[in-house]
Amino acid sequence: MPSTSFLSTTIPYVNAYPHLGHALEYVQSDAYVRHMRRSGVDTFFVSGSDENSLKNVLAAERLGITTRELVDTNVQRFTHLLELLDVDLSYFIRTSVDPDHIDGATEFWRRMESAGDIYAKEYEGLYCVGCEQFYAESELVDGLCPEHHTRPELVREQNYFFRLSRYQDRILAAIENGELSIVPASRANEVISFVRSGLADISISRSRRRARDWGITVPGDPEQVMYVWIDALTNYTNALGWSRDDERFRRYWTEATRRVHVVGKGVIRFHAVYWPAMLMSAGLPIPTDIVVHGYITLSGQKISKSLGNVIDPTELVQQFGTDAVRYFLLADFSPFGDGDFSEERLISRYNGDLANGLGNLVSRVASMMNRYRGGVVPAAGPVGDPERELVDQLRSSSRAMAEAMERYDHREAAARVWDLVRRTNAYVDERAPWHLAKAAGENEESAALLDTTLHHLAGTIQQLATMIAPFLPGASERIAQAWGIDRGAADPTVAGDPAAAGLPDLTGRRIEKPPTLFPRIEV
RNA sequence: GGCGGUGUAGCUCAGUUGGCAGAGCAAGCGGCUCAUAAUCGCUGUGUCGCCGGUUCGAGUCCGGCCACCGCUACCA
């Protein structure tokens, strides 16, 4: 039986349009999942929408529609973006409508309660509606919320609290002994120092009145609803049907090799501290990996609606194409740090790597195969140093790519694949098949060498098609079609056992010339 | 204030245990014509943030400083 794993994106609030940051997280997660699946790991991939937020209520009020109408409409913008980006989800969970989520969040609460980790307490604090969180006096800037620059309101009510303090030592131990891996290491250090500084119990409910009657009811107390973050975090296990003991939960969570959450740097604490503590309380396995990405800036500025510099990823995909946007996000952006977006850079990457690099390589090889050998891959003739060098590069690129993806470094992985693209283009020029073809009439050596060259090129490109699949699923598929590869029958040795990757023998394979993969963008 | 990180070619970045500074892109020159005006080869440039120290030798180790960033604390 193949090993199994779980991977999730975070679930965004749907009070506004998706932006480029959402696209980044979607594409990163999808690339990781495609790599894992191709490596033979049966991976369950979850995304969804966080709908039980007061922000949604307030956004709906501003628009004069019901909260239900707002979330039902907006969630489609996110699912649409996921489709446009060719994100291969197993399940999309909606926290305000999915019965598995509502039942699951409720049951999760009961579990934590029976563990003795939930208690009621009178609470008074300064609450920012925008952040949906309480602030200490000292955290405010001139008495205003540091995020929203609004005055928080003084709220006094009885809430339920979660005994987070009880889990301090266990969480610290889990991080330090590697049971819970936080990537990159600098983020793990931040979490460690935060946990070491002492964990206070956290408020996990709101009065129904303050929540505007929107949210998941606290079991046994109809006057309280769950704090949105508490129900939201349980989406990951709820998506697997945990509360009704679905087989999927056992297979993809309890018995999974890896349980991975891909998150933005702003929500580390929820995922690396609160959520593991909740799982410990409920007696469930904690995540194995928290992968933390940065934010996308535009000309160095944080993207925000007030600055008016929001980039609509939907428009970007419509303008440049799914693969172009995916490749740009994965090959040009650091997986962990912030990155700066510009259209010039996207076009430069596209023309350089995709059109002139990979696209032109496939085009010239397919063209020569058809021109010189009637579109049928010949058996290899004698093999020399250029061939050995090419196959060495194939092996090392394959191995380096897989290693980088295991570290969640998609940028490094793409760079190593493009080492092979460059080497292959150079190999074409070294052998110069057009010269061999001219001489082939008079001497058999040239004809045999031409066979060798075309044979090696066909095999290399087939492997390239497999290697690029996590980044460029569309192009991968189009090459596969032109190369007559069975769908889903990609050579598993390339990713599953990279060191063993070699040249497949495609002798006799019919190769078509595919339509231009990546037309140049003329500026 | 504390802890941590970053600072390397015009741009984006790589540089294991200290041993002559690297890649890609951009730029210049040359080659080729299979290919998407593509591709291949060659070429240059660096006070490795600054100052000092250890060492035969420091981008790398140590101390100090500057700039930017992250987490966190405190005072108002």
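Right, let's walk through the structure included here. (Residues numbered from 1 in each chain as written. Chains lettered and ligands numbered in written order. Predicted model: local features only at pLDDT ≥ 70, side-chain atom pairs only at ≥ 80, totals over all residues. Heavy atoms only, no water.)

### A word on the sheet that holds strand 2 (residues 42-49)
- Taken together, the six strands give an open sheet; going across it, the order is 3-2-1-12-13-7, and neighbouring strands pair in parallel fashion. With one partner strand each, in any of the chains shown, strand 3 (91-94) and strand 7 (181-183) form the two edges of the open sheet. With direction set aside, neighbouring strand axes in the sheet form an average angle of 20°.
- As judged from the four bridges shared by strand 1 (residues 4-8) and strand 12 (residues 258-264), these two strands associate in the parallel manner. Bridge pairing in strand 12 links S8 to H261. (Pairing = 2+ DSSP bridges. Helix = DSSP H or I, 4+ residues; strand = E, 2+ residues; numbered from the N terminus. Axes fitted to C-alpha atoms, helices over the stretch in contact; angles between N-to-C directions.)

### Thoughts on unusual backbone geometry
- Note that the residue after V183, namely P184, is joined by a cis bond; omega there is 0°.
- Summarising the element assignment, P184 is placed in the loop between strand 7 and helix 6 (185-196).
- With a phi angle near 60°, D213 is a residue other than glycine that sits in the positive phi range.

### Digging into the packing of aromatic side chains
- Inspection of the entire model under this criterion finds 16 aromatic pairs.
- Arranged with centres 4.8 Å apart and planes meeting at 45°, the rings of Y327 and W418 form a pair that is tilted. Taken together, the residues Y327 in helix 12 (residues 322-332) and W418 in helix 15 (residues 410-431) connect sequence positions 91 residues apart.
- A network of ring pairs unites the aromatic residues F6, F108, Y236, W242, W253 and W275 as a single cluster.
- One cation-aromatic arrangement involves R269 over F194; the distance from NZ or CZ to the ring centre is 3.7 Å. (Phe/Tyr/Trp six-rings, centres within 6.5 Å; stacked < 30°, edge-to-face > 60°. Lys NZ or Arg CZ within 6 Å of the ring centre and 35° of its normal.)

In short, shape yes, function no, at least from these values alone.
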